[in-house]
Amino acid sequence: MVVKQPRSSNLELYRILCMLMIVAHHYVVNSGLTGVDGVLVTEPTAANSLFLSIFGAWGKTGINCFLMITGYFMCTSRITVRKFVKLLGQIYLYHLLLYPILLIAGYESLSLIRIAKLIMPTWGFTNNFTGCFIGFWLTIPFLNILVQNMNKRQHELLLLLLLAMFTLLGSIPTFRVTINYVTWFGIIYFIASYIRLYPQHIFERGNLWGWLTLANVLLAITSIWGLRFFFGTTGAKYSYFFISDSNRIFALAIAVCSFLWFKNMDIKYSKIINAFGAGTFGVLLIHANSDAMRAWLWKDTVDVVGHYSLPLGQLALFSIGVILAVFIICNLIDQLRIATIERWFFNWYDRKLSAKADALVSKISQ
């Protein structure tokens, strides 16, 4: 029997911070603060606007960080039917559990198109994280064939080409670069797999990467606030430009630097950190489940816009408290799912279906 090694707590802590960044981003962008008539646009340099513009700036960065972890570990791992069933089961459970609750509460509608969307694991591959993650996840076996058969020089040239097209040119305001998340996740995968497959001394210099993370964060904040102060409401609309999508320069630079920083942290194994790390994807699936969930959570229940006028100190405490509460509640729900439904299902699956499913996939792939 193979004993499964516990996950590194330093990267599990990193996974937790990534999801907190994503939840904070949703707190700001899904609440009505950033629309054309949103207060972050109409009052671009007010103290509360400046705070919230930074508080919610790191969602796309968080996605990159999350994918760095995936790429780093999966480039030397094997995709199995069991892993895919686990992923789909988690997605479907929250689809089917939350829809009737929100329907009864009056936030969801009952229609054929809505039912069809529930039946499908995803409804499109554009910029929806969950759907694109499924599509990307299915490409991993093929990406592994590529990265494991390229030499180091070829891997470097591929990265230079892709980053020049999608990040360097994509960070020029007048240069149009359109990305699909499935494609971009693959590019992040190439970066993370390079770090894993070609260890270098510079990758082990944790302090260096910590300082580079701080430097890039400060530069990103400068770009956000600078556009707001110099261009007013017009600048507020575009203040996130250099970090507004996953391919933009600061969203990528912060993700790569912070990953290397946390990878080199010496953190002892922590059962609590690892437990909350295991529930991070569930946090995303619950709190960002649908437009109905976003309306119920951020607009009606939390009432983010209604709390905007709080004194700055109170607003900061309120915002941080809400993000922590959402993360902890959703995470505990997912930990309960892991300990009950998932465990029960896979006890049955491993006895009845696992060998047959793997044999079928092996036969098809021959």
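Residues numbered from 1 in each chain as written. Predicted model: local features only at pLDDT ≥ 70, side-chain atom pairs only at ≥ 80, totals over all residues. Heavy atoms only, no water.

Our focus in this paragraph is the environment of Glu-204. Within the element layout of this structure, Glu-204 appears in the loop between helix H9 (181-197) and helix H10 (206-237). In this structure, the C-alpha to C-alpha distance between Glu-204 and Gln-314, residues 110 residues apart in sequence, is 40 Å. With residues near it in sequence (within four places) discarded, Glu-204 still touches Lys-263 and Asn-264. Side-chain polar atoms of Glu-204 contact the side chain of Lys-263, separated by 3.5 Å. (Helix = DSSP H or I, 4+ residues; strand = E, 2+ residues; numbered from the N terminus. Contact = heavy atoms within 4.5 Å. Polar contact = N/O pair within 3.5 Å; in protein donor to acceptor, adjacent residues only side chain to side chain.)

What follows concerns the pattern of salt bridges. Should their charged atoms come close, side chains of opposite charge can pair. This model, assessed by the stated rule, comprises nine salt bridges. A salt bridge links Glu-108 to Arg-114; its shortest N-O distance comes to 2.7 Å. Accessibility expressed as a relative area gives 17% for Arg-114, which makes it buried. When the shortest N-O distance is used, the salt bridge between Lys-152 and Glu-156 registers 2.7 Å. On the criterion of helical spacing, the pair formed by Lys-152 and Glu-156 is a turn pair, its members being four residues apart in helix H8 (residues 152-168). Judged by relative accessible area, Lys-152 falls into the partly exposed class, the value being 34%. One salt-bridge network, held together by shared partners, links Lys-86, Asp-334, Arg-337 and Glu-342. (Salt bridge = Lys/Arg side-chain N within 4 Å of Asp/Glu carboxyl O. Buried < 20%, exposed > 50% of the residue type's maximum accessible area, 1.4 Å probe, protein only.)

Our focus in this paragraph is the layout of surface pockets. Of the pockets and cavities examined, the second largest pocket occupies roughly 950 Å³. Taken together, 33 residues form the lining of the second largest pocket, with Asn-128, Ala-288, Asn-289, Ser-290 and Arg-294 sitting closest to its centre. Those elements giving two or more residues to the lining of the second largest pocket turn out to be helix H1 (9-29), helix H4 (59-74), helix H5 (81-104), helix H6 (112-119), helix H7 (129-149), helix H13 (280-287) and helix H14 (291-301). Among the elements that make up the lining of the second largest pocket, the one with the highest residue count is H1 (four residues). Across the lining of the second largest pocket, the residue classes tally to 13 nonpolar, 14 polar and six charged. (1 Å grid on protein atoms, 1.4 Å probe; cavity = no way out; pocket = protein on both sides within 12 Å on 5 of 7 lines; lining within 4 Å. Points joined across faces, edges and corners; volume = space filled by probe spheres on them. Nonpolar A, V, L, I, M, F, W, Y, C, P; charged D, E, K, R; others polar.)

So, on to a nonpolar patch on the surface. Taken together, the side chains of Trp-225, Phe-229, Phe-230 and Phe-231 present a nonpolar region at the surface, about 510 Å² in accessible area. Structurally, Phe-230 can be placed in helix H10. For Phe-230, a relative accessible area of 70% translates into the label exposed. (Patch = residues over 30% accessible without salt bridge, like charges linked within 9 Å, V, L, I, M, F, W, Y side chains within 5 Å. Areas by Shrake-Rupley, 256 points an atom, 1.4 Å probe, with all protein chains shown as cover.)

It is worth spelling out the nonpolar core at this point. Tyr-27, Phe-185 and Trp-298 are the most contacted members of the largest nonpolar core, which totals 97 residues. Apart from the residues within four sequence positions on either side, Tyr-27 is in contact with Leu-52, Phe-55, Trp-298, Val-302, Val-304, Leu-315, Phe-318, Ser-319, Val-322 and Ile-323. (Core = buried A, V, L, I, M, F, W, Y, C linked by side-chain atoms within 4.5 Å.)

Moving on to the packing of H8 against H9. Contact geometry for H8 and H9: axes closest at 10 Å, N-to-C directions at 140°. As summarised for this structure, H8 and H9 are arranged oblique, according to the angle between their axes. For the element pair H8 and H9, the recorded crossing hand is left-handed. On the side of H8, the interface is formed by Lys-152, His-155, Glu-156, Leu-158, Leu-159, Leu-162, Leu-163, Phe-166 and Thr-167, while H9 contributes Thr-183, Trp-184, Ile-187, Phe-190, Ile-191, Ser-193 and Tyr-194. Its residues assigned to classes, the contact of H8 with H9 comprises 10 nonpolar, four polar and two charged. (Axes fitted to C-alpha atoms, helices over the stretch in contact; angles between N-to-C directions. Parallel < 35°, antiparallel > 145°, perpendicular 65-115°, else oblique. Left-handed = near helix turned anticlockwise from the far one by under 90°.)

A few words on the packing of H1 against helix H12 (residues 271-278). Across the interface, H1 lies against H12 with an axial gap of 8 Å and an inter-helix angle of 45°. In terms of orientation, H1 and H12 fall into the oblique class. Crossing hand, H1 versus H12: left-handed. Listed contacts from H12 to Ser-9, Glu-12, Leu-13, Arg-15 and Ile-16 of H1 are Ile-273, Asn-274, Phe-276, Gly-277 and Ala-278.

Looking now at the side chain of Ser-193. Within the element layout of this structure, Ser-193 appears in helix H9. For Ser-193, a relative accessible area of 0% translates into the label buried. Among the polar contacts listed, one links the side chain of Ser-193 to the backbone oxygen of Phe-190, at a separation of 3.1 Å. In contact with Ser-193, not counting residues within four places along its chain, are Gly-71, Cys-75, Val-147 and His-155.

Within this structure, the stated rule accounts for zero disulfides. The cysteine Cys-132 is free of any disulfide, with Cys-65 supplying the nearest cysteine sulfur at 18 Å. Accessibility expressed as a relative area gives 0% for Cys-132, which makes it buried. (Disulfide = S-S within 2.5 Å.)

So, on to unusual backbone geometry. At Asp-303, a position not held by glycine, the phi torsion is positive, near 55°. Its place among the elements puts Asp-303 in the loop between H14 and helix H15 (312-352). Residue classification places Asp-303 among the partly exposed positions, given a relative accessible area of 31%.

Aromatic ring pairs: the centre-centre distance and the angle between the two ring planes describe each pair. Evaluation of the coordinates by the stated rule reveals 28 aromatic pairs. Here Phe-242 and Phe-250 contribute two aromatic rings whose centre-to-centre distance is 6.3 Å and whose plane-to-plane angle is 70°, an arrangement assigned as edge-to-face. Taking relative accessible area as the criterion, Phe-242 reaches 23% and is therefore assigned partly exposed. With a relative accessible area of 14%, Phe-250 lands in the buried category. An aromatic cluster is built from Phe-66, Phe-129, Phe-133, Phe-136, Tyr-181, Phe-185, Tyr-189 and Phe-281, whose rings are joined through pairwise contacts. Across the ring face of Phe-66, the terminal group of Arg-15 is positioned such that the distance to the ring centre comes to 5.9 Å. (Phe/Tyr/Trp six-rings, centres within 6.5 Å; stacked < 30°, edge-to-face > 60°. Lys NZ or Arg CZ within 6 Å of the ring centre and 35° of its normal.)

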